[in-house]
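Structural description and commentary
Take a look at the letters that make up each chain.
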Amino acid sequence: MKIEHITDYTVLNNGVRMPWLGLGVFQVEDGQEVIQSVRHALEVGYRSIDTAAGYRNETGVGAAIKECGIPREELFITTKLANSDQGYESTLRAFEESRRKLDLDYIDLYLIHWPGKDKYKETWKAFEKLHKEGYIRAIGVSNFKIHHLESLKQESNTIPAVNQVEYHPLLNQKELLQYCKAEGIQLEAWSPIMKGNLDLPQITEIANKYGKTPAQIVLRWDLQHGVVTIPKSVRKERILENANIFDFALSEEDMNAIDSMNKDYRFGPDPDELLF
Ligand code: NDP
């Protein structure tokens with residue numbers, strides 16, 4: 001698989017094309033901050049934006065999309081259902097609210113943000129309905145472990161198109177990645193650059209060898225594992241830096257070296273412990 005351009009994409013299990021690189025906007029303030037970040041990203045060639053109802057910046061994301069002048073069909077917009085809105089009717093309502101804030105006719109990818117305790121199967125039925133009605137091009141999940149995915153499979157014939165999970169060299173999710181590949185679920189990395197905690201000697205050494213930055217090395221490692229990646233930055237120069245990952249390839253040896261850094265270490269919560 002060759003990934004050589006910022007517009008390169010993976011094809012999801014329902015045929016929808018999803019860019020390998022997107023901009024994350026978690027903890028980016030609504031209004032000017034998020035508008036600027038999205039604007040910078042679109043200017044340097046990003047076409048995918050990852051927001052969530054819980055980030056409270058869908059309005060700003062929508063405003064940036066409106067002003068950018070890029071045809072809607074070239075953009076790939078993801079948002080997520082907040083945990084508190086899980087359930088059939090509440091999902092339908094929450095989706096409408098997200099769509100209104102984003103001011104879009106349709107969303108490219110809608111994700112169940114966290115599995116939570118016991119509502120995700122009911123929630124998934126509402127996702128299937130919205131997908132069937134054409135309001136969402138692809139439906140997926142986030143923070144689902146293998147047992148959640150297996151349990152969802154018992155209830156529904158619609159396999160999630162995407163599973164967005166914490167994924168980086170200290171948490172390489174080897175089993176989950178293998179499982180998702182076998183099931184036709186695209187894995188997507190959140191906190192791909194470990195929230196900026198990139199000061200790791202193994203990564204620095206590889207970065208020096210390729211004349212790249214640690215962030216670029218880690219993001220390239222995602223792509224070569226077939227994982228979609230969505231680094232967040234509000235700084236123009238870093239948004240550009242994080243996109244300059246298509247002009248080099250890590251050797252098998254360096255891929256293996258990064259794989260061996262795994263510590264099953266999470267910067268975020270364990271999905272089994274976030275039960276609201
Ligand atoms: P990231 O791993 O993307 O790291 C972002 C941090 O790294 C920011 O502090 C940023 O600072 C800094 N940074 C950005 N680029 C560089 C660089 N080149 N060199 C050094 N530091 C850099 O963390 P996130 O947690 O934001 O994850 C990315 C996205 O994933 C989120 O924005 C969100 O869209 C999604 N996400 C999804 C979750 C889920 O539950 N589904 C949970 C968490 C995130 P600055 O902005 O100042 O540049």
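Attention in this report is confined to the structure presented alongside it. The model shown is predicted, which means the values in this text are computed figures rather than measured ones. (Residues numbered from 1 in each chain as written. Predicted model: local features only at pLDDT ≥ 70, side-chain atom pairs only at ≥ 80, totals over all residues. Heavy atoms only, no water.)

What follows deals with helix H10 (residues 252–259). Of the residues making up H10, those classed as buried are Asp254, Met255 and Ile258. Projected down its long axis, H10 carries its buried residues within an arc of 105°, all on one side. Looking at H10, the residues exposed on the side facing more than 90 degrees away from the buried face are Glu252 and Glu253. Packing partners of the buried residues in H10 comprise helix H7 (201–210) and helix H8 (214–224). (Buried < 20%, exposed > 50% of the residue type's maximum accessible area, 1.4 Å probe, protein only. Helix = DSSP H or I, 4+ residues; strand = E, 2+ residues; numbered from the N terminus. Arc of directions from axis to C-beta. Contact = heavy atoms within 4.5 Å.)

Take the sheet that holds strand S8 (residues 162–166) next. Spatial ordering of the open sheet is given by S3-S4-S5-S6-S7-S8-S9-S10, a layout of 8 strands whose pairing is parallel. Edge positions in the sheet fall to strand S3 (23–24) and strand S10 (228–229), since each of these pairs with one other strand and no more. For strand S5 (residues 76–81) and strand S6 (residues 107–112), the ladder comprises 4 bridges, and the chain directions are parallel. Directly across from threonine 78, in S6, lies its bridge partner leucine 109. Strands S5, S6 and strand S7 (136–142) of the sheet are contacted by helix H3 (residues 88–102), whose axis makes an angle of about 140° with S6. (Pairing = 2+ DSSP bridges. Axes fitted to C-alpha atoms, helices over the stretch in contact; angles between N-to-C directions.)

Moving on, we come to a positive patch on the surface. Together, Lys195, Lys232, Arg235 and Arg238 make up a positively charged patch on the protein surface. You can see lysine 195 is positioned in the loop between strand S9 (186–190) and H7. (Patch = residues over 30% accessible without salt bridge, like charges linked within 9 Å, V, L, I, M, F, W, Y side chains within 5 Å. Areas by Shrake-Rupley, 256 points an atom, 1.4 Å probe, with all protein chains shown as cover. Salt bridge = Lys/Arg side-chain N within 4 Å of Asp/Glu carboxyl O. Lys, Arg positive; Asp, Glu negative; His and termini not counted. Charge placed at Lys NZ, Arg CZ, Asp CG, Glu CD.)

Moving on: the site of the ligand. Close contacts around the ligand come from 29 residues, with Asp50, Ser191, Lys195, Lys232 and Ser233 the closest. Contact distances for the ligand include 3.3 Å between an oxygen atom and a backbone N or O atom of methionine 194. One of the side-chain nitrogen or oxygen atoms of serine 233 is found 2.6 Å away from an oxygen atom of the ligand. Within the complex, 89% of the 900 Å² of free accessible area of the ligand lies under protein. (Near = heavy atom within 4 Å. Polar contact = N/O pair within 3.5 Å; in protein donor to acceptor, adjacent residues only side chain to side chain.)

Quick look at the packing of aromatic side chains now. Pairs of aromatic rings are described using the distance from one ring centre to the other and the angle between the two planes. This model, assessed by the stated rule, comprises 10 aromatic pairs. With centroids separated by 4.6 Å and ring planes inclined at 15°, the aromatic side chains of tyrosine 110 and phenylalanine 127 adopt a geometry described as stacked. With a gap of 17 residues between them, tyrosine 110 in strand S6 and phenylalanine 127 in helix H4 (residues 120–132) connect regions that are remote in the sequence. Like tyrosine 110, the residue phenylalanine 127 is buried in the burial classification. Note on phenylalanine 127: relative accessible area 0%, which makes it buried. (Phe/Tyr/Trp six-rings, centres within 6.5 Å; stacked < 30°, edge-to-face > 60°.)

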